[in-house]
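Remarks on the overall topology
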Amino acid sequence: GHNVELGRAHGISQDQVNLMDGDGWKDSDLFSAKEKAAICWAEEVTNMTAKDNDNAFEDMERHFSTEQLVSLTILCGLWNLTGRVAEPPGGRIAFQAGGGE
């Protein structure tokens, strides 16, 4: 959906998009080592396992400044937050008319 369109608007090819559905990106030559580090970190943040993955953190430190690492972590967290609020397990939130009821 909207993630694909956003990626395509920023130069991600359809072949790269296709590899993101699974682990194919890990062994692909279509992504640089820096891009793979960012993808891995985004997955770790999304799965809430980043704090336990020293290898992923060290890989991020090799390719990104501390400021960039923090910014990417915040971006992933916010993106996941909006997705979880908009589409929680079981479907979208059914807001009720009438406010604080």
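Below: a short report on this structure. Not measured: the values here are computed from a predicted model. (Residues numbered from 1 in each chain as written. Predicted model: local features only at pLDDT ≥ 70, side-chain atom pairs only at ≥ 80, totals over all residues. Heavy atoms only, no water.)

1. So, the overall build of the chain
Filter applied, for reference: Think of it this way: any DSSP run of H or I at least four residues long counts as a helix, any run of E at least two long counts as a strand, and we number them from the N terminus. Each residue gets one of three labels from its accessible area relative to the maximum for its type: buried under 20%, exposed over 50%, partly exposed in between, using a 1.4 Å probe on protein chains only. Note on contacts: a residue pair qualifies if any of its non-hydrogen atoms lie within 4.5 Å across the two residues.
Along the chain, the regular secondary structure elements total five helices and zero strands. Along the chain, helices and strands appear, N-terminal first, in the series α-α-α-α-α. Put simply, the chain has 101 residues, and 22% of those count as buried. A separation threshold of at least 6 residues defines the contact pool for the chain, and within that pool the share at least 24 residues apart is 32%.

2. So, the nonpolar core
To keep things clear, this is the line we draw: Buried Ala, Val, Leu, Ile, Met, Phe, Trp, Tyr and Cys residues form a nonpolar core when they are joined through side-chain atoms within 4.5 Å.
The biggest cluster of nonpolar side chains holds eleven residues, and these are A37, A38, W41, V45, A50, A56, M60, F64, L69, L72 and C76. Mapped by element, the contributors of at least two residues to this core are helix 3 (33–46), helix 4 (54–63) and helix 5 (66–86). Looking at this core, the element that brings in the most residues is helix 3, giving four residues. Excluding its chain neighbours within four sequence positions, the residues that come into contact with C76 are A42 and V45.

3. Examining the side chain of E44
Using the following cut-off: In this charge count, Lys and Arg are treated as positive and Asp and Glu as negative; neither His nor the chain ends contribute. By convention in these notes, a salt bridge is any Lys or Arg side-chain nitrogen within 4 Å of a carboxyl oxygen on Asp or Glu. The term polar contact refers here to a pair of N or O atoms within 3.5 Å; inside protein, the definition further demands a hydrogen-donor-capable atom paired with an acceptor-capable atom, and it admits residues adjacent in sequence only when both atoms are side-chain atoms.
Here E44 is to be found in helix 3. Buried charged residue E44 carries no salt bridge. Nearest counter-charge: K26, at 7.0 Å. At 3.3 Å, the side chain of E44 and the side chain of N53 are in polar contact. Apart from residues lying up to four places away in sequence, E44 is in contact with T49, A50, N53 and A56.

4. Describing the packing of aromatic side chains
Aromatic ring pairs are reported here in terms of the distance separating the ring centres and the angle at which the planes meet. Going by this rule: Each aromatic pair joins two rings of Phe, Tyr and Trp (for Trp, the six-membered one) with centres within 6.5 Å, and gets the label stacked for planes under 30 degrees apart, edge-to-face for over 60, and tilted for any other angle.
All told, the structure shown has one aromatic pair when counted by the stated rule. Here the aromatic rings of W41 and F57 are separated by 6.0 Å at their centres, their planes lie at 55 degrees, and the arrangement is tilted. Of this pair, W41 sits in helix 3 while F57 sits in helix 4, placing them 16 residues apart in sequence.

5. Things to note about the pattern of salt bridges
Side chains that differ in charge, positive against negative, can pair when their charged atoms come close. The tally for this structure, following the rule as stated, stands at two salt bridges. Residue D23 is joined to K26 by a salt bridge in which the shortest nitrogen-to-oxygen separation is 3.8 Å. A relative accessible area of 43% means that K26 is categorised as partly exposed. For R62, the salt bridge goes to D59, with nearest N and O atoms at 3.2 Å. Residue R62 and its partner D59 are both found in helix 4; the two are separated by three residues, about one turn of the helix.

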